[in-house]
Amino acid sequence: MYRNFHIATYPHAEYLYYADLDTVEEAIRYFQKRLPLTKVYLETHRGMYDIEESKMRAVKELFHRYGIETGGAIAPTLSIPGHEKNTLYDVICYRDPVYRKAFLDIVRYTASLFDEIILDDFFFTSCKCPLCIDARGDRTWAEYRTDLMLQVSRDMKAAAADVNPGCRLIIKYPNWYESYRQCGYAPDLQKDVFDFVYTGTEARNPKYDPQHVQRYLSYSSFRRITGIVPGRNLGAWIDEGGSNNHINTWVEQAALSLFAGAKELIACRDWMSFRYPTLTECPLQPVLGQQLKRIDSLLDKTGTPIGVSVYEPLEGSGEGQLINYLGMLGIPFEPSAVFREDAPVIFLTASAAADPQILTKLKSYVRNGGHAVATPAFVEAMSDRGIDEITNAQITNRRASAELFIADGYHRNQCIYCESREPVTFPVYTCSGGAWQAVSMVTEEAGFSILTEEFYGDGSFLILNIPDDYSQLYRLPEAVVAEIAAVLTRGLFVSLSAAPKYSLFVYDNQTFGLLSYRPHAGEVDISIRLEDASGIRDLETGEVFAPLTVDMHPEKRFDSAKIPEALTEQHYKVSIENGEFRFFEVLRKEHA
């Protein structure tokens with residue numbers, strides 16, 4: 001077994017419906033040899049499949065004989081013959097009393113068998129049947145569905161308690177967080193109904209899967225839900241969807257979830273996958289089991305994850321998934337549903353504009369010395385709400401493409417010209433001479449802003465331009481990525497200078513990790529900003545790296561009279577194989 005986390009699994013009702021006990025036992029033995037289980041969630045219902053009581057009790061007893069804890073599970077999808085609904089995935093219409101009663105009957109049945117029930121991430125509604133249209137009234141769909149699903153959550157809690165007063169309920173939140181409110185998910189409200197939550201961290205094929213979810217989501221989603229429901233986010237849920245042709249993607253889901261702090265990991269959909277008819281024919285478990293041993297040893301030495309605060313109010317929408325692209329540019333993020341006034345840097349996307357008090361919070365934060373980095377979409381959303389007090393930036397409807405870029409941080413006094421491998425297209429926004437262009441792009445004989453900085457009070461307000469096609473961020477040259485990362489991570493002890501497709505994970509005990517999504521091996525530059533640092537040490541091999549260069553202080557900018565104070569910045573070169581991860585600790589002078 002593992003010291004820092006547990007492994008669970010989740011066989012679907014379809015599998016349990018067709019499998020006999022010998023088949024289930026063979027699967028258990030296979031799991032225990034390669035991926036030792038602590039727990040299994042047994043699904044009583046999914047769609048057209050319901051598991052009758054005698055079989056479920058026999059399956060439950062079989063797992064208990066192997067020392068594996070059992071919990072119940074429900075996939076809330078249902079179609080009642082003669083009373084069909086026009087809904088996606090047969091997700092339940094909870095406004096319809098026939099469907100609502102059927103769902104609550106399933107809950108009561110499951111609670112009669114188990115002391116714990118987890119809901120797969122179909123516990124939402126997108127129904128627009130006549131009943132829902134009439135019930136919505138003047139409310140938005142988000143308001144109506146949030147109210148409806150909160151009440152259904154309470155009804156579910158009461159239904160389970162009717163037959164099993166001690167039954168604990170767990171809700172799993174899906175990986176499409178940007179649409180929670182539109183479909184009735186409300187972690188901030190439902191946390192007061194459900195005993196625990198679970199986080200979907202499935203990051204499948206980022207190119208061909210319809211979601212186009214970037215792999216960093218397996219880290220950021222767990223951090224997001226943990227921030228909303230601290231202490232009650234039980235674990236992370238991964239599955240093999242999209243991983244069959246790239247086993248690394250399967251392992252990455254697990255690794256990133258555990259790096260984010262998950263204490264339990266559900267390996268789902270591997271009992272009867274679309275490609276492999278039986279579990280024993282699936283190659284995914286052995287490689288994951290081997291990697292989990294390694295991850296477990298690393299987690300003995302890391303602390304609590306920290307990162308760049310991203311303010312994403314739960315009512316917000318816009319620029320969904322953006323931080324998962326930026327998270328693969330070596331920027332570690334810490335999503336937050338509250339505005340963290342104590343954060344050294346706050347990143348604001350269009351989602352933050354949903355907060356009616358955001359301008360007041362933003363002005364106070366920057367005026368008191370904070371550094372806010374916003375996207376043009378946020379600035380545009382705030383254009384008629386007084387953002388011009390902080391910035392005179394104007395967002396246009398124009399677009400420009402370029403391959404030549406200039407990285408020219410104000411305090412570095414070092415102008416770097418660099419080229420991308422393909423053109424990158426950005427929206428055009430303009431600023432007055434009062435703003436510094438830290439990064440810009442150059443076309444035939446014109447230049448456009450990528451990263452600008454303006455001062456306000458004792459702090460600064462920066463605008464980071466974002467391509468309409470987020471994946472074009474991966475075309476940016478290393479020097480541009482490094483400048484963006486350095487600005488966003490100025491409140492952390494470590495920063496990364498590397499080509500796109502690396503992630504950085506930072507912890508509060510001066511440990512950090514790197515993960516490469518690159519197609520080939522590479523070398524990265526690590527900057528450590530601790531005055532008493534003497535080196536870094538690989539947490540697995542013990543190899544010690546000495547700094548190659550030390551930047552004592554920023555240089556004076558042109559004829560400015562002020563040189564801002566800054567910590568010593570040490571630079572290290574580290575190699576990393578494609579698809580690999582490496583973790584390090586900072587050595588301090590007293591420990592050298």
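Calculation rules
Residues numbered from 1 in each chain as written. Predicted model: local features only at pLDDT ≥ 70, side-chain atom pairs only at ≥ 80, totals over all residues. Heavy atoms only, no water. Helix = DSSP H or I, 4+ residues; strand = E, 2+ residues; numbered from the N terminus. Buried < 20%, exposed > 50% of the residue type's maximum accessible area, 1.4 Å probe, protein only. Contact = heavy atoms within 4.5 Å. Areas by Shrake-Rupley, 256 points an atom, 1.4 Å probe, with all protein chains shown as cover. Pairing = 2+ DSSP bridges. Axes fitted to C-alpha atoms, helices over the stretch in contact; angles between N-to-C directions. Core = buried A, V, L, I, M, F, W, Y, C linked by side-chain atoms within 4.5 Å. Salt bridge = Lys/Arg side-chain N within 4 Å of Asp/Glu carboxyl O. Expected span 1.5 Å × (residues − 1). Phe/Tyr/Trp six-rings, centres within 6.5 Å; stacked < 30°, edge-to-face > 60°. Lys NZ or Arg CZ within 6 Å of the ring centre and 35° of its normal. Disulfide = S-S within 2.5 Å.

A. View of the overall build of the protein chain. A tally of regular secondary structure across the protein chain gives 14 helices and 28 strands. Relative to its 592 residues, the protein chain shows a buried fraction of 58%. The long-range fraction of contacts in the protein chain, counting pairs at least 24 apart against all pairs at least 6 apart in sequence, stands at 75%. Total accessible area computed for the protein chain in this model is approximately 23,900 Å², and 49% of it derives from carbon and sulfur atoms.

B. Molecular detail of the environment of phenylalanine 426. Considering the arrangement of structural elements, one finds phenylalanine 426 in strand β16 (residues 416-430). Judged by its relative accessible area of 1%, phenylalanine 426 is buried. As a C-alpha pair, phenylalanine 426 and valine 338 span 88 residues in sequence and 29 Å in three-dimensional space.

C. Up close: the environment of glutamate 334. Examined against the element boundaries, glutamate 334 turns out to sit in strand β12 (residues 333-336). Using a relative accessible area of 13% as the deciding quantity, one classes glutamate 334 as buried. Setting aside anything within four residues of it in sequence, one finds glutamate 334 in contact with Arg223, Pro305, Ile306, Gly307, Val308, Ser309, Val310 and Arg340.

D. Structural context of the sheet that holds strand β11 (residues 308-311). Taken together, 9 strands build an open sheet; the order of strands is β12-β11-β13-β14-β19-β18-β17-β15-β16 and the sheet is mixed. In this open sheet, the two edge strands, each paired with only one partner strand, are β12 and β16. Between one strand axis and the next, the sheet turns through 30° on average, direction left out of account. Strands β11, β13 (345-348), β14 (371-374), β18 (447-456) and β19 (459-464) of the sheet are contacted by helix α12 (residues 358-367), whose axis makes an angle of about 120° with β19.

E. Focus on the nonpolar core. With 164 residues, the main nonpolar core has Leu292, Phe512 and Ile526 as its most contacted residues. Per-element accounting of this core gives the leading share, 9 residues, to helix α6 (residues 141-163). For isoleucine 526, the residues in contact, after removing those within four places along its chain, are Val494, Ser495, Leu496, Phe512, Leu514, Ile536, Gln570, His571, Tyr572 and Val574.

F. Fine view of the pattern of salt bridges. Under the counting rule described, the total for this entry stands at 39 salt bridges. Taking the shortest distance from any N to any O, the salt bridge between aspartate 192 and lysine 191 comes out at 3.5 Å. Residues aspartate 355 and lysine 361 are paired through a salt bridge, measuring 2.6 Å at the closest nitrogen-oxygen approach. Assessed through its relative accessible area of 27%, lysine 361 is described here as partly exposed. Several salt bridges converge on common partners, so that one network encompasses Glu43, Arg46, Asp120, Asp121, Lys172 and Glu202.

G. Just the sheet that holds strand β25 (residues 544-545), in detail. Reading across from one edge, β10-β21-β22-β28-β24-β25 is the order of the 6 strands in this open sheet, with antiparallel pairing throughout. For this open sheet the edge positions go to β10 (305-306) and β25, each flanked by a neighbour on one side alone. Bridge count between strand β21 (residues 502-507) and strand β22 (residues 511-516): 5 bridges; the pairing is antiparallel. Bridge pairing links valine 506 to phenylalanine 512 in β22.

H. Here's a closer look at helix α9 (residues 247-259). Given a rise of 1.5 Å per residue, 13 residues ought to cover 18 Å, and the 18 Å separating the end C-alpha atoms of α9 matches this to within 8%. For α9, the buried fraction is high: 11 of the 13 residues fall into the buried class. Among the residues making up α9, those that are buried are Thr249, Trp250, Val251, Glu252, Gln253, Ala254, Ala255, Leu256, Ser257, Leu258 and Phe259. Count one or two residues on from α9 and you reach glycine 261, which has phi positive near 110°.

I. Expanded view of the packing of aromatic side chains. Scanning the model with the defined rule gives 35 aromatic pairs in all. Measuring from centroid to centroid gives 5.9 Å for phenylalanine 545 and phenylalanine 584, while their planes differ by 75°, and the two rings are edge-to-face. Of the two residues, phenylalanine 545 is situated in strand β25 and phenylalanine 584 in strand β28 (residues 581-588); the sequence distance between them amounts to 39 residues. Note on phenylalanine 545: relative accessible area 13%, which makes it buried. Its relative accessible area of 0% is what places phenylalanine 584 among the buried residues. Among the aromatic residues, those joined into a cluster by ring pairs are Tyr216, Tyr219, Phe259, Phe505, Tyr507, Phe581 and Phe583. Positioned over the ring face of phenylalanine 581 is arginine 294, at 4.0 Å from the centre of the ring.

J. A look at unusual backbone geometry. A positive phi angle, near 60°, is found at tyrosine 89, a position not held by glycine. Looking at the element boundaries, tyrosine 89 is found in the loop between β4 (69-75) and α4 (97-111). Not every positive phi belongs to a glycine, and glutamine 510 is a case in point at roughly 60°. Residue glutamine 510 is classed as partly exposed on the basis of its relative accessible area of 24%.

K. Representation of the state of the cysteines within the structure. Scanning the model with the defined rule gives 0 disulfides in all. Considering cysteine sulfurs only, cysteine 127 is the nearest to cysteine 183, which forms no disulfide, with 12 Å between them.

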